[in-house]
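Breakdown of the fold
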Amino acid sequence: MNFANIEKEINTLAKKANDGSISIDEMAGGSFTISNGGVYGSLLSTPIINPPQLAILGMLSIVSRPMVVGGDVVPRPMMYVALTYDHRLIDGWIGYVDHLQPFVILAHTHCTDRSMLLMPACDVAASEWLQDIPEL
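Residues numbered from 1 in each chain as written. Predicted model: local features only at pLDDT ≥ 70, side-chain atom pairs only at ≥ 80, totals over all residues. Heavy atoms only, no water.

1. Description of the overall build of the chain
Stated formally: Starting at the N terminus, helices and strands are each numbered in turn, a helix being any DSSP run of H or I of at least four residues and a strand any DSSP run of E of at least two. Whether two residues are in contact is decided by their heavy atoms: any pair within 4.5 Å suffices. For the area figures, the Shrake-Rupley method with a 1.4 Å probe applies, and any residue is considered shielded solely by the protein chains shown.
Helix and strand counts for the chain come out as 5 helices and 3 strands. Of the contacts made within the chain by residues no fewer than 6 positions apart, 34% connect residues no fewer than 24 positions apart. Just so you have it, the chain exposes about 10,800 Å², and 62% of that area is on carbon and sulfur atoms.

This is how it looks when you write it as structure tokens:
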């Protein structure tokens, strides 16, 4: 599909969405969403990803805010945007596993070491459990 066809398909889907005739199947299978919460007056929000999507960009209200321009404070339109993404998009599954590995090893050690099983859980301070974990 070339850019012209993509643009035509977007236009067709936008018209269907505006008149309420778009189907669930036509909205399924996306990987990125742009959400316009600004039409409801929202200034701040955290958009929620709908799997299998990878990210969602929330565009919020445009409001007049004081800005310094050339040494003067003047009103300027400002808009907050919020990007929520699946972390695996950035660091992948391997990065996720690498991040959790120290915790898994520590938990395994404490669960399999017989001397640890004899100690009441309250006697083991959290700092002792975490002392061997490298900085993340």
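That shown, we press on.
2. What about the sheet that holds strand β3 (residues 72-85)?
Worth spelling out the cut-off: DSSP bridges decide pairing: two strands pair if at least two such bridges lie between them. Axes here mean lines fitted to C-alpha atoms, for a helix over just the part in contact, with angles spanning 0 to 180 degrees between N-to-C directions.
Within the open sheet, the 3 strands sit side by side as β1-β2-β3. Their pairing is mixed. The sheet is open, and its two borders are formed by β1 (32-36) and β3, each paired with just one other strand. For this sheet the average axis-to-axis angle between neighbouring strands, irrespective of direction, equals 30°.

3. Describing the pattern of salt bridges
The criterion, for reference: By convention in these notes, a salt bridge is any Lys or Arg side-chain nitrogen within 4 Å of a carboxyl oxygen on Asp or Glu. Summary of the burial criterion: residues with accessible area below 20% of their type's maximum are buried, those above 50% are exposed, and those between are partly exposed, where the area comes from a 1.4 Å probe applied to protein chains only.
Considering all chains together, one arrives at 1 salt bridge under this definition. Of the charged contacts in the structure, one is a salt bridge between E26 and K16, with a shortest N-O distance of 2.5 Å. A residue pair is termed long-range when its members are at least 10 positions apart, and E26 in helix α2 (residues 24-27) and K16 in helix α1 (residues 3-19) qualify at 10 residues. On the accessibility criterion, K16 (28% relative accessible area) is partly exposed.

4. Focus: the environment of D86
Tracing the backbone shows D86 in the loop between β3 and α3 (88-112). D86 sits in the buried class, given a relative accessible area of 17%. Sequence-wise, D86 and P51 are 35 residues apart; in three dimensions their C-alpha atoms are separated by 9.2 Å. Excluding residues that lie within four positions of it along the chain, D86 makes contacts with I49 and L54.

5. Let's talk about the pairing of strand β2 (residues 55-69)
Pairing geometry for β1 and β2, over 5 bridges, is parallel. From the neighbouring strand, S35 faces β2, where its bridge partner is G58. When β2 meets β3, the two strands line up antiparallel, connected through 13 bridges. Pairing of V63 across the sheet is with M78, part of β3. The turn linking β2 back onto β3 is made up of 2 residues, and G70 within it adopts a positive phi angle of 60°.

6. Here's the deal with α1
We count it as follows: Multiplying one less than the number of residues by 1.5 Å gives the expected span of a helix. Counting of polar contacts relies on pairs of N or O atoms within 3.5 Å, with two restrictions inside protein: one atom must be capable of donating a hydrogen and the other of accepting it, and residues adjacent in sequence are counted only when both atoms are side-chain atoms.
If you check α1, its first and last C-alpha atoms are 24 Å apart, about what 17 residues at 1.5 Å a residue would give, namely 24 Å. For α1, the side-chain oxygen to backbone nitrogen distance between the N-cap and A4 is 3.2 Å, and the N-cap itself is N2.

7. Here we look at a nonpolar patch on the surface
Threshold: What makes a patch is a set of residues exposed beyond 30% relative accessible area and free of salt bridges, joined within 9 Å when like-charged and within 5 Å when nonpolar (Val, Leu, Ile, Met, Phe, Trp, Tyr).
Together, F32, I34, L54, L83, Y85 and L89 line one region of the surface with nonpolar side chains, adding up to about 590 Å² of accessible area. Within the residue set of the nonpolar patch, elements represented by two or more residues are β1 and β3. Here F32 is to be found in strand β1.

8. Description of the side chain of S61
Within the secondary structure, S61 sits in strand β2. If near-sequence neighbours (up to four positions away) are discounted, S61 is found in contact with G38, G41, S42, L43, M78, M79 and Y80.

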